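# Overview (structure and organization)
The chain contents come next:
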Amino acid sequence: MSEAAPQPRLLCFFDAMCSWCYGFAPEMDKIANHFGDRLEYLTFTGGLRPFNREPVSDEMRDKLLETWRRIEELTGQPFGGELMLDQDFIYDTEPASRAIVTMRHAQPGYDYSYYLTIQKAFYERGEDITREDTLAGYASVFGVPAERFQELFHSEPIKQAVLNDFGVAKQFGIKGFPTLILHRTDGKNPNAMLLAGQGYTPGLEMIQRIEAGLAADV
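Residues numbered from 1 in each chain as written. Predicted model: local features only at pLDDT ≥ 70, side-chain atom pairs only at ≥ 80, totals over all residues. Heavy atoms only, no water.

## Overview of the nonpolar core
Stated precisely, the cut-off is as follows: By nonpolar core is meant a set of buried Ala, Val, Leu, Ile, Met, Phe, Trp, Tyr and Cys residues that side-chain atoms within 4.5 Å join together. Whether a residue is buried, partly exposed or exposed follows from its accessible area with a 1.4 Å probe, protein chains only, as a fraction of its type maximum: under 20%, in between, or over 50%, in that order. Note on contacts: a residue pair is in contact if any heavy atoms of the two residues lie within 4.5 Å.
If you look at the biggest cluster of nonpolar residues, it comprises 54 residues, and the most contacted ones within it are Ile31, Tyr114, Phe149 and Leu180. If we skip the residues at most four places from it in the chain, Tyr114 touches Ala99, Ile100, Met103, Leu135, Tyr138, Ala139, Phe142 and Phe149. Within the second largest apolar cluster, six residues are counted, among which are Val101, Ile158, Val162 and Phe166.

Laid out in structure tokens, this is it:
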């Protein structure tokens, strides 16, 4: 009896506080619905602005709000988080990234759903997902008690794990999110990596690129 062929993997690099990732969420649903279990999905929190300590400047605030308007017009994803861009808000993406990695360990298989949940809380409702209490509150929705979440969130293994996610993104030279990379494990080269898309791309276009990548003789 022959062994099953290795399953191709889709490496997905996102950031919960990346507005284009928020706009891309419905397109990612289309991709997942199309391919189903033909692919194994590995998600990484890429690190958009980790460890930032400076409040949002007027220039950056104006740029972000303009970007949000463009994304809402293009994708239909609603934005209601302008209040988060007040004079004191620090756009540090590390806590949300670490929370996602925490969920990956605390409740395997739910990290992507948690990512979508806190992302929606930030962009649609203007909740502060740089706050530990906010992040812990949403963890409880997925069956992880706040105390357990906070214990893991502050642990050294989780702090290292989120740095590892950032490191994988750097290793691939990723400078923008979302980025999808098809990892073919079933061809001539078991480590064939094919870029499916970097930055916002309509789901249908991504699907065509991934199908082409799956059919390629590599």
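From this point on, the discussion continues.
## Points about the environment of Pro6
In plain terms, the rule: Segments assigned H or I by DSSP are reported as helices when at least four residues long, segments assigned E as strands when at least two residues long, and all are numbered from the N terminus.
Residue placement: Pro6 occurs in the segment before strand 1 (9-14). Judged by relative accessible area, Pro6 falls into the partly exposed class, the value being 44%. It is 20 Å that separates the C-alpha atoms of Pro6 and Gly109, two residues lying 103 residues apart in sequence. Discounting chain neighbours no more than four positions away, the residues touching Pro6 are Thr185 and Asp186.

## Let's talk about unusual backbone geometry
For the bond running from Phe177 to Pro178, omega is -5 degrees, close enough to zero to count as cis. One non-glycine residue, Phe51, lies in positive phi territory at about 65 degrees. Within the secondary structure layout, Phe51 lies in the loop between strand 2 (40-45) and helix 2 (58-75).

## Here's the deal with the environment of Asp58
Quick reminder of the rule: Whenever a nitrogen or oxygen atom comes within 3.5 Å of another N or O atom, the pair is scored as a polar contact, on the condition that within protein one atom can donate a hydrogen and the other can accept it, and that pairs from neighbouring residues in sequence are kept only if both atoms are in side chains.
You can see Asp58 is positioned in helix 2. Separated by 28 residues in the primary sequence, Asp58 and Asp86 have C-alpha atoms spaced 9.2 Å apart. Within the local environment of Asp58, its side chain forms a polar contact with the side chain of Arg61, the two groups lying 2.6 Å apart.

## Thoughts on the sheet that holds strand 4 (residues 192-198)
This is how the line gets drawn: Paired strands, as defined in this entry, are two strands with at least two bridges between them according to DSSP. To obtain each axis, a line is fitted to C-alpha atoms, and for helices this fit is confined to the stretch in contact; angles are then taken between N-to-C directions over 0 to 180 degrees.
Read across the sheet, four strands follow the order 2-1-3-4 without closing on themselves; strand pairing throughout is mixed. Of all strands in the sheet, those with a lone pairing partner are strand 2 and strand 4, marking the two edges. For this sheet, the mean inter-axis angle between neighbouring strands, taken without regard to orientation, is 20 degrees. Each of strand 1, strand 3 (179-184) and strand 4 touches helix 8 (residues 203-215); the most contacted strand, strand 3, lies at about 20 degrees to it.

## Points about the pairing of strand 3
Within strand 3, six of the six residues are buried, which leaves the element mostly enclosed by the surrounding structure. Neither face of strand 3 is exposed, since Thr179, Ile181 and His183 on one face and Leu180, Leu182 and Arg184 on the opposite face are all buried. Direction of pairing for strand 1 relative to strand 3: antiparallel, over a ladder of five bridges. Each bridged residue has a counterpart across the sheet, and for Leu11 the counterpart in strand 3 is Ile181. As paired strands, strand 3 and strand 4 are joined by six bridges and run antiparallel to one another. Opposite Leu180, over in strand 4, you have Gly197 as the bridge partner.

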